[in-house]
Amino acid sequence: MAKAFPEGFLWGGSTAANQIEGAWNEGGRGPATSDFARLITKEIRDTEGPFDAHVPHNAASKEMVEDMKAHPENWELPKRRGIDFYHTYKEDIALFAEMGFKVFRMSISWSRIFPNGDDLVPNEEGLKFYDAVFDELHKYGIEPLVTLSHFDTPLHLAEVYGGFASRHTVDAFARYAETVIRRYKDKVKYWLTFNEINNVLSNPFTSSGVILPGAPEPNSCNPYLEHWQLKFQAVHNQFVASAAKMGNMLCRLENYAESSKPEDQLQVMFEDHFNWFFTDVQATGEYPYYMQRFFDENGIKIEMGPDDLKLLKEGAVDFITISYYMTYIMRYKGNPVPKPTGRLLSDIKNPHLPKSDWGWVIDPIGFRITLNRIYDRYHKPIFISENGLGAVDHPDAQGRIEDDYRIDYMRAHVEQLREAIADGVDVFGYAWWGPIDLVSSGTSEMTKRYGMIYVDQDDYGHGTGKRSKKKSFYYYKKLIASNGADLENNITY
Ligand code: BG6
């Protein structure tokens, strides 16, 4: 048996309120941007264009939001129902406990606490819900790790203030953060501010509440590629809102050059900058030198408050949190500094790697590389808040799911994680994305399943909602019980 992970290593799973809770209009909750993210099925992707995850799936124009409000019957909006965790949390947490979870990464729905985002008094019913969830987790010795904002800005802040493009939203966020951090001071030790803060570039509406001017072009892969001023202003405001001693959260995009041409390597450097930028600011408290040229050449001027730089410096994060799903191939795009693609899936596919059903390349070695590079750059402890495989599951006649593909993915990534730790990288936890099937962030599908726990529910909300254990449930349970030493897939299911 291989070497175990460090003692006290936090094994667990990761979710987000908008993808699991449902109950979008219960308990005093106000509407959030995620309630306006439409279902993008494979048929829609095939007819309307090659949609990437996190790109044009979410309403981003005033017109779309208005239409969804006026004619909800014309839209399929699955995040409104999630997987009904709001009502099933006890049963679901009991299953996490059975797998041996030490940590559960979840988010608080801001509009459940402050229905408009900027109310002066919090909604007690919303606060009580999370009290109950945290108590339930602690009952089993599971540590909650909580994201304050995971792709669900209160709609009112988006509509009236343009979300984080305005400082008003920073103040509202500060009130929200203070309220929950104070309320749950004895129940929550680990906080993250914004999920995948870099996604403001490709997904400004749900992640930051920024409604871009004009309607998105219907057949474009990414109609939101411009508006740099707005996006970088929003992200600056999010940096300021994040300036507190807690974790950041970056969607880590590890890039390889397509060839050994120096130009391709230069492209890797450019793209890297657009990913490191976010964590560089959050980890060092300073704007890195390399963004200035991009800002100048694109006429971006960040408006800063007099104390912003001081706040950023004082609020540098204590630990680095990342999601890791895949790696990307870069080909030279020319000088001056080219704009980032903002796409999650690169056009160029790595011929050496297999792909998921959604075209995401599977690259466990890239995981080890990225962990080493992050640690080399920041020398701060790392928490893996997301890693996982979205796949189509086929229950057999008895409803059992032999998901060896998911087990293979997990095993390969955990092996490389172990290598990275052996290399000397300080990693203190690993949370599998979507331990229970949930609504996809990028496409709002249920068909894209990540879970070790199956949820009987389809893209349109049909099904009993019943939970059942896949083969991977037993695999992860065994893996955790051995603290990562036993990775053999010898499960009888
Ligand atoms: C991350 C998000 O980007 O990727 C999650 O933080 C998301 O919210 C996950 O679910 C997987 O993406 P998708 O589109 O497959 O759900």
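The structure under discussion appears in the preceding block.
Attention here is on the structure that accompanies the text.

So, how was this worked out
For every chain, the first residue of its written sequence is number 1, and the numbers climb from 1 along that sequence. Residue-level local features of this predicted model are given only where pLDDT is at least 70; pairs of side-chain atoms are given and counted only at 80 or more, and the full residue set underlies all totals for whole chains, interfaces and linings. To get the side-chain values, all heavy atoms of the structure are used, and hydrogens and water are removed first. The near set for a molecule or strand comprises every residue that places at least one heavy atom within 4 Å of it. We call two N or O atoms a polar contact when they sit within 3.5 Å, provided that within protein one can donate a hydrogen and the other can accept it, with sequence-adjacent residues counted only if both atoms are side-chain atoms. Accessible surface area values rest on a Shrake-Rupley calculation with a 1.4 Å probe, where residue burial reflects the displayed protein chains alone. Only Asp, Glu, Lys and Arg are considered charged in this grouping, and only Ala, Val, Leu, Ile, Met, Phe, Trp, Tyr, Cys and Pro are considered nonpolar; every other residue, Gly among them, is considered polar. Numbering goes from the N terminus for both helices and strands, where a helix is a DSSP run of H or I of at least four residues and a strand is a run of E of at least two. Take the residue count of a helix, subtract one, and multiply by 1.5 Å to get its expected span. Residue burial is assigned from relative accessible area. The probe radius is 1.4 Å, only protein chains are included, and a residue is buried under 20% of its type maximum, exposed over 50%, and partly exposed in between. The arc in question is the one spanned by the directions pointing from the helix axis to the C-beta atoms. Note on contacts: a residue pair qualifies if any of its non-hydrogen atoms lie within 4.5 Å across the two residues. Any two strands with at least two DSSP bridges between them are considered paired. Geometry is summarised by axes, namely lines fitted to C-alpha atoms with helices restricted to the contacting stretch, and by angles between N-to-C directions that run from 0 to 180 degrees. Only Phe, Tyr and Trp rings take part, Trp by its six-membered ring, and two of them pair if their centres are within 6.5 Å. Stacked means planes under 30 degrees apart, edge-to-face means over 60, and tilted covers everything else. Only when the NZ of Lys or the CZ of Arg is both within 6 Å of the ring centre and within 35 degrees of the ring normal is a charge said to sit over the ring. Nonpolar cores were defined as sets of buried Ala, Val, Leu, Ile, Met, Phe, Trp, Tyr and Cys residues, with membership established by side-chain atoms within 4.5 Å. When a carboxyl oxygen of Asp or Glu is within 4 Å of a side-chain nitrogen of Lys or Arg, the pair counts as a salt bridge.

Observations concerning the site of the ligand
Surrounding the ligand, one finds 14 residues, the nearest of these being Q19, E196, E386, S441 and Y450. Contact distances for the ligand include 3.3 Å between an oxygen atom and a side-chain N or O atom of S440. One nitrogen or oxygen atom from the side chain of K448 is found 2.7 Å from an oxygen atom belonging to the ligand. Coverage of the ligand by the protein amounts to 99% of the 380 Å² it exposes when considered alone. Across the shell around the ligand, the residue classes tally to four nonpolar, seven polar and three charged.

Brief notes about unusual backbone geometry
Even without a glycine there, the phi angle at F151 is positive, about 55 degrees. Within the chain, S444 stands out as a residue other than glycine whose phi angle is a positive 60 degrees.

Focus on helix α8 (residues 167-183)
The α-helix winds at 3.6 residues per turn, so residues separated by three or four positions along the chain end up facing the same way. Counted at 1.5 Å a residue, the expected span for α8 with its 17 residues is 24 Å, and the 24 Å between its end C-alpha atoms agrees. Here α8 has its buried residues at T169, V170, A172, F173, Y176, A177 and V180. Down the axis of α8, the buried side of the element spans an arc of 165 degrees, and every buried residue falls inside it. Of the residues in α8, the exposed ones pointing more than 90 degrees away from the buried face are D171 and R182. Along its buried surface, α8 packs onto α5 (110-113), α6 (124-139), β3 (143-149), α7 (155-161), β4 (190-194) and α10 (228-242). By the N-cap criterion, in which a side-chain oxygen at the helix start approaches the backbone nitrogen of a residue two or three places on, α8 is capped by S166, the distance to H168 being 2.9 Å.

Here's the deal with the pairing of β4
A large share of β4 lies buried, amounting to four of its five residues. Where β3 meets β4, four bridges bridge the pair, whose relative direction is parallel. What sits directly across from S149, in β4, is F194.

Quick notes on the side chain of Q19
Along the chain, Q19 falls in helix α1 (residues 17-20). Q19 gets classed as buried once you look at its relative accessible area, which sits at 1%. Beyond its immediate chain neighbours, meaning those up to four positions away, Q19 contacts K79, G82, I83, H150, W433, L438, V439, S440 and S441.

Side note on the sheet that holds strand β9 (residues 382-386)
If you walk across this open sheet you meet the eight strands as β4-β3-β2-β1-β10-β9-β7-β5, and the pairing is parallel. Bordering the open sheet on either side are β4 and β5 (250-251), each of which pairs with just one other strand. Two elements, β9 and strand β10 (residues 427-433), share three bridges in a ladder whose sense is parallel. Paired with F383 across the strands is G429, a residue of β10. Taken strand by strand, helix α15 (residues 404-423) contacts β1 (10-14) and β10, and its axis lies near 165 degrees from that of β10. Sheet contacts for helix α16 (residues 471-481): β1 and β10; angle to β1, the most-contacted strand, approximately 155 degrees.

Some words on the packing of aromatic side chains
As enumerated under the stated definition, the model contains 45 aromatic pairs in all. Note on F383 and F428: the rings are 5.5 Å apart at their centroids and 45 degrees apart in plane angle, and the pair reads as tilted. Here the residue F383 occupies a position in strand β9, and F428 occupies one in strand β10, the gap between them amounting to 45 residues. Side by side, F383 and F428 carry an identical accessibility label, which is buried. A network of ring pairs unites the aromatic residues F85, Y86, Y89, F96, F101, F104, F129, Y130, F134, Y184 and Y476 as a single cluster. Directly above the aromatic system of F36 lies the positively charged group of R80, at a separation of 4.9 Å from the ring centroid. Sitting above the plane of the W276 ring, R252 keeps its charged end 3.8 Å from the centroid.

What about the environment of E415?
By secondary structure assignment, the location of E415 is in helix α15. Sequence separation of E415 and E488 is 73 residues, and the distance between their C-alpha atoms is 11 Å.

Some details on the nonpolar core
I108, F232, F277, L371, Y430 and Y476 are the most contacted members of the largest nonpolar core, which totals 120 residues. Setting aside anything within four residues of it in sequence, one finds F232 in contact with L201, F274, F277, M291, F294, F295, I300 and I302. Counting ten residues, the second largest nonpolar core, distinct from the first, contains F36, M64, L77 and F205.

Notes on the pattern of salt bridges
Under the criterion given, the structure shown has 41 salt bridges. K310 is the salt-bridge partner of E314, the closest N and O atoms lying 3.5 Å from each other. Of the two residues, E314 and K310 are both situated in helix α13 (residues 308-314); the distance of four residues between them amounts to about one turn of the helix. R411 is the salt-bridge partner of E415, the closest N and O atoms lying 3.3 Å from each other. Placement of both E415 and R411 in helix α15 is noted, with a separation of four residues, approximately one turn of the helix. Take E415: its relative accessible area is 28%, and that puts it in the partly exposed class. Residue R411 is classed as partly exposed on the basis of its relative accessible area, which comes to 23%.

Nothing here speaks to function; it is geometry throughout.
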